[in-house]
Structures are given as structure tokens and as C-alpha cells.
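Chain by chain, the residues run as shown.
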Amino acid sequence: MESIIHIDGLKRHYMMGDTLVAALDDVKLDVNPGDFLMIVGSSGSGKSTLMHLLGLLDVPTAGIMEIRGQSMTGSSEAKLSWMRNKHIGFVFQQFNLLNDLNVIENIALPLVYRGVPRKIRQEKAKKLAVKLGLGKRFRHHPKELSGGQLQRIAIARALIGNPDIILADEPTGNLDSATSREIMQILYDLNDQGHTIIMVTHDPKLADMGTRKVTLLDGHIVEDVPGKRKKPEKTVEEGSGDGQRHGVGVSDLVRIGINEGLLAHQMRTFLTMLGIIIGISSVIAMSSFSLGSKQKQADQIRALGANLVKVVDKQFENERLVETRVTGSLGLSRADLNSLRNGIPDIEKAACVREIKLNVVHPLGSLSPRVLGVQGDYLEVNNLALAEGRFFDVKDWSGSTRTVIIGSTIARQIHALKEARNDSSPILGDTLLLGGNPYVIVGLLKEKAMDLDELEATSVSDPNRDLLIPLETLLTRTAHLDLRSEVDEIHLQLKNEDALTRAGKSIRSILDVTHAGVMDYDMVIPMDLLKQKQQSQHLLDILTICISSISIVVGGIGIMNIMLASVTERIREIGIRRAIGATKMDIMRQFLMESMTISITGGLFGVVLAGIVVVCVCQFIGLPVVFSLPLLCIALVASTLTGLVFGIYPAYQAANKNPVDALRSE
Ligand code: ADP
Ligand code: MG
């Protein structure tokens, strides 16, 4: 009959400092199907070492080792893990169950590493639990159960993969005699069903109760004799049934990640996550504030007048002014406005403005508005609207009428003056004295909401404080310096934002001609100024990203730290998982998944926190809520990568723990 295990010349040597320890030396053994092999020997004789070699948990120093005729020499770690998972079931003295898993999950664990679907696994595990007398304690955890029950679970776990060899290292060593008998009866029953069993025992009463007794002494087999037990008639077939795909499935990885990575140590995991949470939330929140304030500024610029270009006279004085006039430029004028209008088709609306210092007095008190002479589509260009009355018309301009239109702040001032005297007459139609001459109020402007602090450096002033008169009235009916340019500013509204930059050049070339090449004007495009201003804020954005990245890196180091601690704490778990068939890769994946679960959860918390903070703060300070979707994605990818990158080293450490050492560490 072909042997199930064949070893010859097997050696396992350890170096202890300078001395060589031959834990096993030149061992030859054939295990036949149906054997119930009792291994006995004094402590330190090499029994456990032999079991670990037979179980493919350890690699011999030298010698031949075959399972079902297949040589194991030089096999890859993954192949050994697969052979172990398929052929071998371990039962240990210390039970070696995973405390975080319940009865069913512990029993089903070997099938996880075969990629057997959860439902099938659990069905099988339940059947075995019932069969081994565990009743219905499916959801209990190892801590709640007795030694006898724990060993039954361990035997069920050893059996679930239908192995042909069961290795039991002193399975009754930690049990009282009654329970020992029960456990032995289970093992005998298994042997009767045809399972091959190799068992280490210290108990002299049990030593002869196998089909064979092998005695070890100082790493050598000194005796190999038949026992009292008869061999079973039939033996189980080679190989085991279900599951071919080796390796733990993604859903199981995620489950382990959530259970072990997140739930097992919630407080410590949360503290570890803080770095990621702070990093992700700060980068998202800061960028949202930055985007929000940029959008608000742009909205305000648009509100002041969409696609606005202002041509502003430089207002030279004294020699400079004379020199300019001599060169042939008359300064900014109504004629320029006409030339630009005729020359540039992109212009939709146009107006010109001139400021004048005048004393403004209402019969009830004096006022301090900015007085502007205006002509053209002044309201439309500057996005202003009338609340009451009318705007100037052709008659006002051609006839230089003494009419005024006032901004809302001025109107409120007059209103306050009237209220103080219980005068409820309308403001419209009142007469103001401008430089001593009477002007009739023909229109009131609507209030214009604006935040001037936000808009500094974009050449915007408050239109609510303005008092408008027809430009012609200003030019013909007030005293002013003759050489001064006719108008201060020309306002042009272009068809769209794209036309802004295009028009800039045309405006220059036209004004170049009319001003005889003298640059006595500036061109101001508020939207461009705003963009320049916002450009300079990029530095701040970059700084935010840097600081947040540092926080994320610190968070990553935190994760690495906690994962390394976790690996050290969970050495036994790693050993157990390896013993029941997990490959190094499975362990690596598991620990990587755990660190990534921490970092991804941290990232999600960060996003949620940022969302809450941004919505609240923006409500409070009146910014539009703007989230950048690409940035959200980048943040989540960054947190995922953090878990991956900083998880690699701990996962590598975990995967390379020697399973034998891991199991001995008790
Ligand atoms: P048993 O199980 O029969 O009590 P072991 O197989 O555990 O014996 O150990 C056999 C010998 O090998 C002992 O002398 C032990 O000290 C030695 N040994 C086992 N593992 C190691 C190791 N990792 N490093 C050094 N020596 C070891
Ligand atoms: Mg031992």
C-alpha cells in the first residue's frame, strides 16, 4: 500500500548561538492510510518539531519529504500552504482558536482560504458543529466555552476541509480526564471513518492505544511498534472536495478589514485615524472656502457690470498736462467714446463719466455724495437700476437740464433728514443745491448690495453714494479747468467675457490714434484684476495643500505604527491562520486591507467633517458653498493610498512571521 507520508533522512537543526541543536536528526518514517500513530517521547525530544514538519509549517534542514508521492522539497510557500489546507488538519494542545470569531466562523476558517462562498462555509460548519456535539452554540465566542468544547471546535475546524491527515499535538494535554476521553472517542471515530491520525501524547495510558507507537529520543526515532488498536477497513480518499480557488476572497478581506481594522480597537483606531481625518477635511474645507470666496468675488464683479472695461483718464496736472496737450492729445473725451463704439463691434453698451467736486445741499441739510456727470448707457453698463423716477434722456443731455439722480445711500440720508422733521413728502421732485444752483431730483437708484472689502484692488467704488447729473450739464453749467480732459472714464460693456481680452487690443489701437500716441489713459478690466488677485491667492492654496499633506503623512505613520503593534499582538493569530492554510500573500492582503480600511474610513470621515464645517461656516459668513469634485476624488484616493503605502511594511512583517514561532509564542 502506498504511504500517505514518506520521510527519509529528515533533519531539522537550529543554531542556538554557537551551538547546533539537532531537534530532529535522520528521521525515517512512513505513515500509511488509516494509521493512528501515537508519537511519544520525553520533553524536548523533537515531537512538536516533527509535527510541524509533517504539517508543512516548517521546512526541514535536509531530507526527503513526500505527501501522497509528491515531493515537498523546494516547493513554493504558496504550494505548501495549499497542500496544508487540502491535506492536513491541525489540532493543538492550546486549541488555538481565534477569539474574535464565533464558533461557526472558527470552524469555517480553512474554507475562507479556499475561496468557498460564505453561505456554503457556514452550512458545512454548522453540520460539523452539531456532529461534534457542540449543539447550537453557533454564535458563541471561544471565551464563553469550556476546554472540551474548544477542542471540539478545533477538531471540527481540522475536519471541515476534508483532510486525509489529522495532526494532533497533545490534544488532551489541557483537558480533564473525562473530557479527554470524549475527545479521544471523537478521534477514534474519525479513525474508524478512515482518517489518518498522527497524535503526540504524554499520557502513558494513551501511548499504546493507537495502531502504531513511535518513540522519539533526542531527535531520533528509537522505537516504531504496533499498538493495540486495529486499523480501519476503509480509508478516506485522497484530496478533498470543494473549493479549488486558493486564496481569500475580496468580500472576506473586507469583512476582516472592518472587524479587525476598525471594530476590534475602536478608540485606538479612531485616534490613529485623526491625522487622516484632519488632513483630508482641512484640504477640502480650505479649498472650498477658497473656491467659494473666488466665486463670490467674481459674482460681485459681474453684478457691478458684466464684461466691463473701463478706460480711465490719468488726470495729469501742471506741466505734464500742458505737455500732453501740446503733443496733440485732448485727453479722454466724448469723441473717444464715439470712435470706440464705431470701431469695435464687440461693444454692446457704452457710457462716459466725469466726476466733479460740488457742494450738495438739501434744504434740510447738507449731503456728501460723489457727483458724477454721466452720458450714454450708464445704468446698463454698471448694472444699476432705477427704484423710482426716470433716467436722463436726450433732452436732458442736449438741453443741459439741471436734473439729478441719486443713489440709495443719499436717498436714505435725505429720508432721515425729513423724518427728523416729520416730513413725509416724497424725495422725488425735491430740489437740491449743487454749487449754489437748484437741481431737481428726477430719479432714485435701487440699492446695490456689495461688499467693498472683498473687492479692494478691483477699482470699484460704492455706487450707492453717487449723485448723477447729465454730463452736458456738468460741462456747460459748472466751472472747471479748461485743459482738463473732457471725461474721466469711459465704461464699455462687451458682448461676453471672451470679448474682454480681444477688445483690449482694439481699444488701445483706436485710442492710440485719437490720443496721438500719448498714454494719458489706463485700461481697467475689473474681471482681469480680480483674476490677477486670485492668482496671487494660489500660493495660499498650495500652502494649505502642503500642510494637509503633512497631516496625512503623519496620519499614515500613525497607521503604520498601530499596524506594527497589531502584528506583534496578533502573532498567534497569524500562526493559526497560516497553520490552517493561509499563504503569506493571504496574510499580507489581510493586513493591507486592515490598514486601508482605517485610512479609507478616515478619509470618508474627513470628507463628511469637511462637508459639515463648510456648510456651517459658509452659511455663517455668507459664502457660496462650492465643493470641487476632482478634489474630493483626489482626497479619497490619497487616503486610500496612504493606507496602502504605510500598510505595506507592517503587512510584510506579518506575512513573514514564521508560523511555527508564531504558534510557539504562548
Ligand atoms: P517536544 O515537542 O518533543 O517537547 P520540540 O520539538 O518542541 O520538543 O523541541 C525539540 C528541540 O528543539 C528542543 O531541544 C528545543 O529546545 C529545540 N527547538 C525547538 N524549536 C527551536 C527553535 N526555534 N530554536 C532553537 N531550538 C529549538
Ligand atoms: Mg511539544
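Residues numbered from 1 in each chain as written. Chains lettered and ligands numbered in written order. Predicted model: local features only at pLDDT ≥ 70, side-chain atom pairs only at ≥ 80, totals over all residues. Heavy atoms only, no water.

Peer 1: Can you walk me through the overall build of the protein in this structure?
Peer 2: Within the protein, the secondary structure is distributed over 21 helices and 22 strands. Its C-alpha atoms give the protein a radius of gyration of 45 Å, clearly above 26 Å, the size a compact globule of 666 residues would have. When the backbone C-alpha atoms are referred to their principal axes, the protein occupies close to 135 × 60 × 40 Å. Of all 666 residues assigned to the protein, the portion counted as buried reaches 52%. Contacts in the protein between residues far apart in sequence, at least 24 positions, make up 78% of those at least 6 positions apart. Counting only carbon and sulfur atoms, one obtains 57% of the accessible surface of the protein, whose full area is about 30100 Å². Here the protein contributes 72 positive and 74 negative side-chain charges, whose respective centroids are spaced 5 Å apart. (Helix = DSSP H or I, 4+ residues; strand = E, 2+ residues; numbered from the N terminus. Rg over C-alpha atoms; globule rule 2.2 N^0.38 Å. Buried < 20%, exposed > 50% of the residue type's maximum accessible area, 1.4 Å probe, protein only. Contact = heavy atoms within 4.5 Å. Areas by Shrake-Rupley, 256 points an atom, 1.4 Å probe, with all protein chains shown as cover. Lys, Arg positive; Asp, Glu negative; His and termini not counted. Charge placed at Lys NZ, Arg CZ, Asp CG, Glu CD.)

Peer 1: In this structure, what is going on with the pairing of strand E2 (residues 19-31)? I would like to understand it.
Peer 2: Looking along a regular strand, one sees side chains alternate from face to face of the sheet. Judged from the nine bridges that link them, strand E1 (residues 5-16) and E2 form a sheet pairing that is antiparallel. Residue Arg 12 lies in a different strand from E2, and its bridge partner there is Leu 24. Counting the residues in the hairpin turn of E1 and E2 gives two residues, including Gly 17, whose phi is positive at 65 degrees. (Pairing = 2+ DSSP bridges.)

Peer 1: Explain unusual backbone geometry here, please?
Peer 2: Negative phi values dominate among residues other than glycine, just as trans dominates among peptide bonds. Positive phi is not limited to glycine here, since Asn 383 has a value of about 60 degrees. Residue position: Asn 383 is located in the loop between helix H12 (378-381) and strand E16 (386-389).

Peer 1: Would you take a moment to explain the site of ligand 1 for this structure?
Peer 2: Taken together, Tyr 14, Met 16, Ala 23, Ser 43, Gly 44, Ser 45, Gly 46, Lys 47, Ser 48, Thr 49 and Arg 664 are the residues near ligand 1. Contact between ligand 1 and Gly 46: an oxygen atom at 3.0 Å from a main-chain N or O atom of the residue. Here ligand 1 has 560 Å² of accessible area as a free molecule, and 72% of this is covered by the chains. Elements supplying a minimum of two residues to the shell around ligand 1: E1 and helix H1 (47-54). Of the residues belonging to the shell around ligand 1, the class tally is three nonpolar, six polar and two charged. (Near = heavy atom within 4 Å. Polar contact = N/O pair within 3.5 Å; in protein donor to acceptor, adjacent residues only side chain to side chain. Nonpolar A, V, L, I, M, F, W, Y, C, P; charged D, E, K, R; others polar.)

Peer 1: Would you take a moment to explain helix H3 (residues 103-112) for this structure?
Peer 2: Helical periodicity: at 3.6 residues per turn, an α-helix aligns residues three or four positions apart in one direction. In terms of residue burial, H3 counts as a mostly covered element, since nine of its 10 residues are buried. Of all the positions in H3, only Val 103, Ile 104, Asn 106, Ile 107, Ala 108, Leu 109, Pro 110, Leu 111 and Val 112 are classed as buried. Where H3 is buried, its residues meet helix H2 (77-87), helix H4 (118-131), helix H5 (147-160), helix H8 (250-263) and helix H18 (571-579). Here H3 starts with a cap whose side-chain oxygen sits 3.1 Å from the backbone nitrogen of Ile 104, and that cap is Asn 102.

Peer 1: So what exactly am I meant to see when it comes to the packing of aromatic side chains here?
Peer 2: Each pair of aromatic rings is reported with the distance of its centres and the angle of its planes. Within this structure, the stated rule accounts for five aromatic pairs. Between Phe 36 and Tyr 188 the ring centres are 5.2 Å apart and the planes differ by 45 degrees, which places this aromatic pair in the tilted class. With Phe 36 in strand E3 (residues 36-41) and Tyr 188 in helix H6 (residues 177-192), this residue pair connects regions lying 152 residues apart in the sequence. In this pair, the class of Phe 36 matches that of Tyr 188, namely buried. Geometrically, the ring pair formed by Phe 392 and Trp 397 is edge-to-face, given 6.4 Å between the ring centres and 70 degrees between the ring planes. Trp 397 shares its class with Phe 392; the two are buried. A network of ring pairs unites the aromatic residues Phe 391, Phe 392 and Trp 397 as a single cluster. Geometry around Phe 316 places Arg 320 over its ring, the cationic atom sitting 4.2 Å from the centre. (Phe/Tyr/Trp six-rings, centres within 6.5 Å; stacked < 30°, edge-to-face > 60°. Lys NZ or Arg CZ within 6 Å of the ring centre and 35° of its normal.)

Peer 1: How do you make sense of the sheet that holds strand E4 (residues 62-67) when you look at a structure like this?
Peer 2: Spatially, the four strands line up as an open sheet ordered E2-E1-E4-E5, and their pairing is antiparallel. The two strands at the open ends of the sheet, each matched to only one other strand, are E2 and strand E5 (70-71). Sheet strands in contact with H1 are E1, E2 and E4, and its direction is about 120 degrees off that of E1. (Axes fitted to C-alpha atoms, helices over the stretch in contact; angles between N-to-C directions.)

Peer 1: Would you mind showing me how to read the packing of helix H19 (residues 584-621) against helix H20 (residues 629-655) here?
Peer 2: Between two packed helices, what matters for the description is the angle formed by their axes and the separation of those axes. In contact at an axis separation of 7 Å, H19 and H20 are set at 150 degrees when each is read in the N-to-C sense. By the angle between their axes, H19 is roughly antiparallel relative to H20. Handedness of the crossing formed by H19 with H20: right-handed. Of the residues contributing to the contact of H19 with H20, the split by class is 16 nonpolar, eight polar and one charged. (Parallel < 35°, antiparallel > 145°, perpendicular 65-115°, else oblique. Left-handed = near helix turned anticlockwise from the far one by under 90°.)

Peer 1: Where do I start with a nonpolar patch on the surface in this structure?
Peer 2: Together, Met 267, Phe 270, Leu 271, Leu 274, Ile 278 and Phe 605 give the surface a local cluster of nonpolar side chains, amounting to about 560 Å² of exposed area. Top contributing element to the nonpolar patch by residue count: helix H9 (residues 266-304), with five residues. Relative to the elements of secondary structure, Ile 278 occurs in helix H9. Taking relative accessible area as the criterion, Ile 278 reaches 48% and is therefore assigned partly exposed. (Patch = residues over 30% accessible without salt bridge, like charges linked within 9 Å, V, L, I, M, F, W, Y side chains within 5 Å. Salt bridge = Lys/Arg side-chain N within 4 Å of Asp/Glu carboxyl O.)

Peer 1: Even after reading the chapter, I still don't get helix H17 (residues 526-569), so can you show me in this structure?
Peer 2: Helix length check: H17 (44 residues) gives 63 Å between terminal C-alpha atoms against 64 Å at 1.5 Å per residue, within 8%. Of all bends in H17, the biggest is about 30 degrees, found at Ser 536. (Expected span 1.5 Å × (residues − 1). Bend = angle between axes of the 7 residues up to and from the residue.)

Peer 1: Can you walk me through the nonpolar core in this structure?
Peer 2: Nonpolar side chains tend toward joint burial in soluble globular proteins. One finds Ile 7 and Ile 198 to be the most contacted residues of the largest nonpolar core, which totals 72 residues. Here this core gets nine residues from one element, more than from any other, and that element is H19. Beyond its immediate sequence surroundings of up to four residues, Ile 198 is in contact with Ile 5, Val 31, Leu 37, Ile 39, Met 51, Leu 54, Ile 165, Ile 166, Leu 167 and Ala 168. Membership of the second largest hydrophobic core comes to 45 residues, among which are Leu 432, Tyr 439, Leu 467 and Leu 471. (Core = buried A, V, L, I, M, F, W, Y, C linked by side-chain atoms within 4.5 Å.)

Peer 1: So what exactly am I meant to see when it comes to the domain arrangement of the protein here?
Peer 2: Accessible area lost upon the coming together of the parts serves often as the stated size of an interface. For the protein, the domain assignment lists domain 1 (5-246), domain 2 (261-298 + 532-664) and domain 3 (315-519). Placing a centre on the C-alpha atoms of domain 1 and another on those of domain 2 gives a separation of 42 Å. On the side of domain 2, 17 residues touch domain 1, which itself brings 22 residues to the contact. Regarding the contact of domain 1 and domain 2, the summed buried area is about 1800 Å², with carbon and sulfur atoms giving 58% of it. Among the salt bridges present, the one from Glu 77 reaches Arg 578, with a minimum N-O distance of 3.1 Å. If you look at where domain 1 meets domain 2, you find eight residue pairs in polar contact (both at pLDDT 80 or more). Those elements that place two or more of their residues in the side of domain 1 that touches domain 2 are H1, H2 and H3. (Domains from an automatic or database assignment. Buried area = accessible area lost by both parts, 1.4 Å probe.)

Peer 1: Teacher, can you tell me more about the sheet that holds strand E8 (residues 196-200) here?
Peer 2: Whenever strands of a sheet pair, they do so through backbone hydrogen bonds, lying parallel or antiparallel. Taken in spatial order, the six strands of this open sheet run E6-E7-E8-E3-E9-E10, and their pairing is mixed. Looking along the sheet, the strands with just one partner apiece sit at the ends: strand E6 (88-91) and strand E10 (220-226). The average angle at which neighbouring strand axes cross in this sheet is 20 degrees, direction not considered. Here E3 runs beside strand E9 (residues 212-217); their pairing, made up of five bridges, is parallel. Bridged to Val 40 within E9 is Thr 215.

Peer 1: Got a minute to help me understand the pairing of E10 in this structure?
Peer 2: By the bridge criterion, six bridges tie E9 to E10 in an arrangement that is antiparallel. Bridging from a neighbouring strand, Leu 217 pairs with His 220 of E10.

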